[in-house]
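So you can see what is in the structure, the chains are spelled out below.
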Amino acid sequence: MTDVSPSELMVIVAARELKDGESVLVGVGIPNLAANLAKKLQAPGLNMVYESGAVGSNPSRMPLSIGDPCLVTGAKSVCSMYEQFAYYLQGGRIDVGFLGGAQIDKYGNINSTIIGNYKTPKVRLPGSGGACDIASNVKKIIVITPHEKRRFVEKVDFKTSPGFMDGKESWKKLGLQGGGPYAVVTNLGTMKFDEVTGEMTLVSLHPGATVEVIKENTPWDLKISPKLENTPPPTEREISTLRALDPDNIYLG
Amino acid sequence: MDSTKLMTMKDAVSKFVKDGDAVYLAGFTHMIPFAAGHEIIRQKRKDLTLCRATPDIIYDQMIAAGCAKRMMFSYAGNPGVGSLRCFRRALEKGVPKPIEIEEYTHFGLSGRLFAGATKMPFLPMRTNLGSDLPPENPMMKTIKNPYTGEEVSIVPPLNPDVAVVHVQRADAKGNCHIWGITGEQKDAAFAAKKVIISCEEIVDESVIRSDPNRTLIPDFVSHAVVCEPWCAHPSYTQGYYDRDNEFYMQWDDITKEHETTMKYLDEWVYGVEDRAAYMKKLSSEKVLKLLPKAAYSAPVNYGSV
């Protein structure tokens, strides 16, 4: 196996979660690479939708932002920002949404707003953008994040985008139409969420990772699936296709 | 022909943007009217409420210049790069002065404009519930759905005092053709009390009437028309010039300190008279690099008997 970087591994594993014919709401950076990689491999009919209103994009180069002109050239449709959120997202037409953030907790709640206190923040992060709207309305939320103790926290400082709240029962009371968190893909493994409790559970170990290392990097007692699997290593085709998508290493560097 | 709307950016800002106004410089990544932001800085407007879904570099510059009292937004990052350092300096350290914030999600803020444009009393939406954002923003409320009894999140209408909307082409009356990412251009124009249109080119009314589906903003919504080529640089105008991604990345370095930011503003904003002068300063290699390859749409037939 060719050596892959932690970022490359995350992108490749996350891309495998996307199925042909699905609609995916794509964010900038790593999620954008994962979606484009899936489209070049198992999901040529993947419908890439961007918050900026570009629908069915077919970018000839990697966009730096979700409003890049190359997402418009050759797209299926372009609509206004309000229409994208109303017709596509709230309309229930998006299967998968990628979210990122500074912190995620064991029920998949995500913080992309502040570290510290809202009124007097230690670090001010960009905020929701469409993240909370996406979390509330897509069928599956996939989070791609490095597996680090400062990112995996027992309780997020601020719930920008609701995951399963304090557990699936409290989430159900919100009455959201979305399906909630589905997978968390890190450089060490893939976590999914318990059907009943909504708690994050390790389901697959990436090449080279161990349960011990994952536990060391997760500050709570992470649940391990009784059916724990080994993630198949990246194939040469996955690696070469991904590297061709980001030749200048803008995102993978 | 009503040509009284045609004016320079200097005159448009002087006439329509007042201290204390709520302003909306429209454009989601695309067609952000930087030339208008720079003119507002040069005319030293202050105590503005800056509204934009993505404040982007333009509001970072206006905050550093001391124009802002408050910012209404939904994503305060440098898209694809990282932080908006000037905004963070104002919020975290009060430099050059403290800033109040009013924060929404993208759906929430674009919904506020839609509600403002259509004079809805409020707009219900399937989001915000369960998030920690509503407790921090009293403008986000919930009501009981009168049909089902469920709790629903609502946002109020937004009617900015003035919106600036950059477009590809407009006629002298302010009928505007827009294509590419349309963002909140139409909603901002219909929601605002005064609307400054800036355009890459002024065309004859017959050009507009040849393709009415592309007219997102009609003349009776526009108050001023400014012919301002390259108004949107370092953002872009589809079909005219590409996004200057290199500058978006450089902005991170330029804004490391308040002083370094001011040095940039001194040279590129205060140090130039208008957008034409700014463009003269920009290297021709940079300009050539940003010119896009053409990709024309197939013509459509609007004929009738």
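Preceding this section is the structure that the text describes.
So, how was this worked out
Residues numbered from 1 in each chain as written. Chains lettered and ligands numbered in written order. Predicted model: local features only at pLDDT ≥ 70, side-chain atom pairs only at ≥ 80, totals over all residues. Heavy atoms only, no water. Helix = DSSP H or I, 4+ residues; strand = E, 2+ residues; numbered from the N terminus. Rg over C-alpha atoms; globule rule 2.2 N^0.38 Å. Buried < 20%, exposed > 50% of the residue type's maximum accessible area, 1.4 Å probe, protein only. Contact = heavy atoms within 4.5 Å. Areas by Shrake-Rupley, 256 points an atom, 1.4 Å probe, with all protein chains shown as cover. Lys, Arg positive; Asp, Glu negative; His and termini not counted. Charge placed at Lys NZ, Arg CZ, Asp CG, Glu CD. Pairing = 2+ DSSP bridges. Axes fitted to C-alpha atoms, helices over the stretch in contact; angles between N-to-C directions. Buried area = accessible area lost by both parts, 1.4 Å probe. Salt bridge = Lys/Arg side-chain N within 4 Å of Asp/Glu carboxyl O. Nonpolar A, V, L, I, M, F, W, Y, C, P; charged D, E, K, R; others polar.

(A) Geometry of the overall build of chain B. On a plain count of helices and strands, chain B comes out with twelve helices and 14 strands. Relative to a compact globule of 305 residues, whose C-alpha radius of gyration would be 19 Å, chain B shows 20 Å and is just as compact. Projected onto the principal axes, the alpha-carbon positions of chain B cover approximately 65 × 55 × 35 Å. Taken over 305 residues, chain B has a buried fraction of 58%. The contacts in chain B between residues at least 6 apart in sequence include a share of 74% that link residues at least 24 apart. Surface exposure of chain B reaches about 12700 Å², of which carbon and sulfur atoms provide 54%. Mean positive and mean negative side-chain charge positions of chain B (37 and 39 charges, respectively) differ by 2 Å.

(B) Here's a closer look at helix H3 (residues 81-90) of chain A. All of the buried residues in H3(A) are Met81(A), Tyr82(A), Gln84(A), Phe85(A), Ala86(A) and Leu89(A). Packing partners of the buried residues in H3(A) comprise strand S1 (23-26), strand S2 (47-50) and helix H4 (131-137) of chain A together with helix H5 (106-117), strand S7 (123-125) and helix H7 (185-191) of chain B. Downstream of H3(A) by one or two residues, Gly92(A) has phi in the positive range, about 75°.

(C) The arrangement of helix H4 (residues 85-93) of chain B in detail. Considered for burial, the residues of H4(B) that qualify are Cys86(B), Phe87(B), Arg89(B), Ala90(B) and Leu91(B). Contacts made by the buried residues of H4(B) are with strand S9 (121-124) of chain A together with helix H3 (56-64), strand S3 (68-73), strand S6 (100-103), helix H9 (245-254) and helix H10 (258-270) of chain B. Once H4(B) ends, the next one or two residues include Gly94(B), with phi positive near 70°.

(D) Fine view of the sheet that holds strand S9 (residues 151-155) of chain B. Residues and elements named next belong to chain B. Taken together, three strands build an open sheet; the order of strands is S7-S9-S8 and the sheet is antiparallel. If you trace the sheet from one side to the other, it starts and ends with S7 and strand S8 (141-144), each paired once. Strand-to-strand, the axes of this sheet are offset by a mean angle of 45°, without reference to chain direction. Sheet topology note: the S8/S9 ladder contains four bridges and is antiparallel. Across the sheet, residue Thr142 finds its bridge partner in S9, namely Ser153. Lying over the sheet, H5 contacts S7 and S9, oriented at roughly 150° with respect to S7.

(E) Focus on the interface of chain A and chain B. Counting residues at the interface gives 44 residues for chain A and 48 residues for chain B. Summed over both partners, the interface of chain A with chain B buries about 3900 Å², with 61% contributed by carbon and sulfur atoms. The largest contributions to the chain A side of the interface with chain B come from Met81(A), Tyr82(A) and Arg124(A), which together make up 20% of the buried area. In this structure, the connection of chain A to chain B is made through three salt bridges. Note that Arg61(A) is salt-bridged to Asp242(B), the shortest N-O span being 3.2 Å. Put simply, the parts of the chain that give the side of chain A that touches chain B at least two residues each are H3, S9 and H4 of chain A. Per-class residue counts for the side of chain A that touches chain B are 21 nonpolar, 15 polar and eight charged.

(F) Fine view of the environment of Thr261(B). Residue and element names in this part refer to chain B. Inspection of the secondary structure assignment puts Thr261 in helix H10. For Thr261, a relative accessible area of 0% gives the class buried. Along the chain, Thr261 and Trp251 lie ten residues apart, while their C-alpha atoms are 8.8 Å from each other. Residues in contact with Thr261, not counting those within four places in the same chain, are Ala64, Cys86, Arg89, Trp251, Ile254 and Thr255.

(G) Looking closely at the environment of Tyr251(A). All names here are of chain A. Along the polypeptide, Tyr251 turns up in the segment after helix H7 (236-245). The buried category is assigned to Tyr251, whose relative accessible area is 13%. Expressed as a C-alpha distance, the spacing of Tyr251 and Arg93, which sit 158 residues apart in the sequence, is 28 Å.

(H) Up close: the pairing of strand S5 (residues 96-99) of chain A. All names here are of chain A. A two-sided burial pattern is seen for S5, the buried positions comprising Val96 and Phe98 on one face and Gly97 and Leu99 on the other. In terms of strand pairing, S1 meets S5 through two bridges, oriented parallel. Counterpart to Leu25 in the pairing with S5 is Gly97. Pairing of S5 with strand S10 (residues 140-144), which is carried by four bridges, proceeds in the parallel orientation. Bridging from a neighbouring strand, Gly97 pairs with Ile141 of S10.

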